[in-house]
Amino acid sequence: MRALFGFLRLHRHELFDETFQEQLESMYRATGAGEPPHSPALMCMVTLLQGYVGASDAEAVELSIVDLRWQMVLGCLGAATPAFSQGALQAFRERMVAHEMDRVLLERSVALVRSGAMTEGERRAVSKALRVAIDSRPLAGAGRVEDTINLLGHAARSIVRVVSKITDRPPEEICRKAGIPLLLGPSIKAGLDLDWSDPKQKAAAIQILERQVSSLQQWVERHLDDVVERPLRFYLDTVTQVRDQDLEVAEDGTVRIRQGVAPERRVCIEDAEMRHGRKSRSKRFDGYKEHIARDLDLPVIVACAVTPANRPEEEGAAPIAEDIKHQRLRFGELHIDRAYVNSPVVDDVIRAGGQVFSKPWAQRARSPNLFSKRDFNFNVRAKTITCPAGQVEVFEPGDTVEFDPGECGACPLRARCTQAASGRGRTVSIPEDEALQSKFRRLQQTGAGRAVLRSTWSGSVSWQLARETATASSSSPPVSREMCPRSESPTSSRSAPSSIGWSSSTESIAIPRCQSAGPWRICSTPTSSRALARRRRPSAAPACASAGTADRTT
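Bear in mind the structure is a predicted one, so any value in this text is a computation, not a measurement. Counting from 1, residues in each chain are numbered in the order their sequence is written. Local features in a predicted model are, by the rule used here, given only for residues with pLDDT of at least 70; side-chain atom pairs are given and counted only at 80 or more, and totals for whole chains, interfaces and linings are based on all residues. Heavy atoms throughout the structure, all of them, feed into the side-chain values; hydrogens and water do not.

> For this particular structure, what's the right way to read the nonpolar core?
Most often, soluble globular proteins keep nonpolar side chains buried together rather than apart. The term nonpolar core refers to a set of buried residues drawn from Ala, Val, Leu, Ile, Met, Phe, Trp, Tyr and Cys, joined through side-chain atoms within 4.5 Å. Classification of residues uses two cut-offs on accessible area relative to the type maximum, computed with a 1.4 Å probe and protein chains only: under 20% is buried, over 50% is exposed, and between them is partly exposed. The biggest cluster of nonpolar side chains holds 65 residues, and the ones touching the most others in it are F16, I324 and L334. Every helix listed is a DSSP run of H or I at least four residues long, and every strand listed is a run of E at least two residues long, numbered separately from the N terminus. The leading source of residues in this core is helix 3 (residues 40-53), at nine residues. Dropping the residues within four chain positions of it, I324 is found in contact with L130, V132, V302, A303, L329, R330 and F331. Grouped together as the second largest cluster of nonpolar side chains are 33 residues, I149, V162, L247 and I269 included. Throughout, a residue-residue contact means that at least one pair of heavy atoms, one from each residue, lies within 4.5 Å.

> Can you help me understand the environment of V239 in this one?
Structurally, the position occupied by V239 is in helix 13 (residues 230-246). Note on V239: relative accessible area 0%, which makes it buried. Spatially, the C-alpha atom of V239 lies 9.1 Å from that of G153, the residues being 86 residues apart in sequence.

> In this structure, what is going on with the packing of aromatic side chains? I would like to understand it.
Geometry of an aromatic ring pair is reported as the spacing of the ring centres plus the angle between the planes. Centres within 6.5 Å are what make two rings of Phe, Tyr or Trp a pair, Trp counting through its six-membered ring; a difference in plane orientation under 30 degrees is then read as stacked, over 60 as edge-to-face, and the rest as tilted. This structure, assessed with the given rule, holds five aromatic pairs. Each ring, one from F5 and one from Y52, has its centre 6.1 Å from the other, and the planes form 75°; the classification is edge-to-face. Separated by 47 residues along the polypeptide, F5 in helix 1 (residues 3-15) and Y52 in helix 3 bring together distant segments of the chain. Residue F5 is classed as buried on the basis of its relative accessible area of 0%. Pairing F378 with F395 gives two aromatic rings, centres 6.1 Å apart and planes at 75°, and the pair type is edge-to-face. Taken as a pair, F378 in strand 9 (residues 377-379) and F395 in the loop between strand 11 (392-394) and strand 12 (400-402) lie far apart in primary sequence, 17 residues in all. Exposure remark for F378: the relative accessible area of 17% places this residue in the buried category. Remark: a charge is flagged as sitting over a ring if the NZ atom of Lys or the CZ atom of Arg is within 6 Å of the ring centre and within 35 degrees of the ring normal. Its guanidinium or amino end placed over the ring of F5, R69 lies 4.9 Å from that ring's centre, counting from NZ or CZ. Sitting over the face of the ring of W196, K189 holds its NZ or CZ atom 5.5 Å from the ring centroid.

> Teacher, can you tell me more about the pairing of strand 1 (residues 129-140) here?
With six bridges joining them, strand 1 and strand 7 (residues 330-336) adopt parallel strand pairing. Counterpart to R131 in the pairing with strand 7 is E333. Two strands form a pair only when DSSP identifies at least two bridges running between them.

> Explain the pattern of salt bridges here, please?
Salt-bridge detection follows one rule: a side-chain nitrogen of Lys or Arg within 4 Å of a carboxyl oxygen of Asp or Glu. In total, this model carries 24 salt bridges according to the counting rule given. Here E248 and R256 are joined by a salt bridge, their closest N and O atoms 3.1 Å apart. Overall, R256 belongs to the partly exposed group, its relative accessible area being 41%. A salt bridge links D348 to R351, with the nearest nitrogen and oxygen atoms 2.4 Å apart. Of the two residues, D348 and R351 both sit in helix 15 (residues 344-351), three residues apart, roughly one turn of that helix. Among the charged side chains, a salt-bridge network with shared partners connects E264, R275, R311 and E315.

Written as structure tokens, this is what we have:
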């Protein structure tokens, strides 16, 4: 069984104590209006499991029915219907982020692992100074990625939809009055009805669409000045942004697709922060980068951050450092990928007396037959560089050093050093962090240093992320029901009909049945996994605990 399932089963009553459950319930209004809410504690555990296995909202709903490990953690062994829907899960996640309960949940999980949920030996080994490894992986965005034509069409259709609600008029009437009949078709490209393989017709389509979208904007600004609401302004600004980033005016005055890609090009209408990204030269993705900080002494993620896919990895280190500082912890050792080396966090850790470990940048020559940078001798303290022939030059970090052309021209090693034209000397680029890179190179040149680097990246973040991604994408069969036996009759340690509890005895475990209303709550100490394994399987399976009517699946 994977670690988190057993951990949550044994310690969920500690993670979701009465105080924290009251905090979660405070996210909801107490007016009694609307649908009965799903239990916040239940939805929090679903969110944890979902992130652990990398499941989508739809897969999380399915796993709560077909995977007994999920049912064991959620307290709904034998359930035939899900206790939540996709829409409910998405709405809860948005509510939790809006109230910053996601941060509280993460901090409580870390504190639990580092305090009461470990052995005495582990507790003694843990201090405020963390040994942390940081790495990133692609995080696919949930929004639809579209080309320029569909972006403009999507934004325009959204404007018409909002205007239709504001004015209580049918969308078809708005389209005709605003001068954008293209939206009357099932799609923008169907409305244009052109041969898209013809470059001339494709260029004409851009002009037609831009002209009609501009007509819509002008109509809205002319007729709805006093009733422009926030959703409408959002889409109007989006149209302007897409036009500015993707279109340009040609010399003949016509509008055409801009050559090249804008640095911060928007790729989605509904999610304004999604971006194109690259994991490598050949691997592209759309969405975000997920940055994970993992404690190397304990199996726990202490902080995380998300940045747009086009941003460099180094920008993800700062919010992680802020999270760790917020938990009153500090970096003792920081193990990072090379992409994080330029982050200000690295300098902060070194100034605070911590250690930073990373693989150095490669020192490759432009040609296999030429001297590489490693053949030059660097004196970081004196800020001097010596070539293989003994010529010395002074450097400053961030500069490009050029050796004396006269000395290089007469040097017998010139053919092995540079292919520069006559009258030019060999050049060597010195990065801003040359001192740190030199330290990394010395570490890599020793057996003990290489062992440290191997132990960090083979058993921590990058390996774990790859392993979890592969595990989540594979179709493993659910746990057998014989592996999760349960008692024949449920018992409750609380008298309230809305509460769900577990007996502290090792001989029985309380299994909740369906309840018509009221919050799902975690009450007393759960039975241990070994006690679970000793129980016999009953003949009748209880149903899953639920709270009210599930939201309509979206």
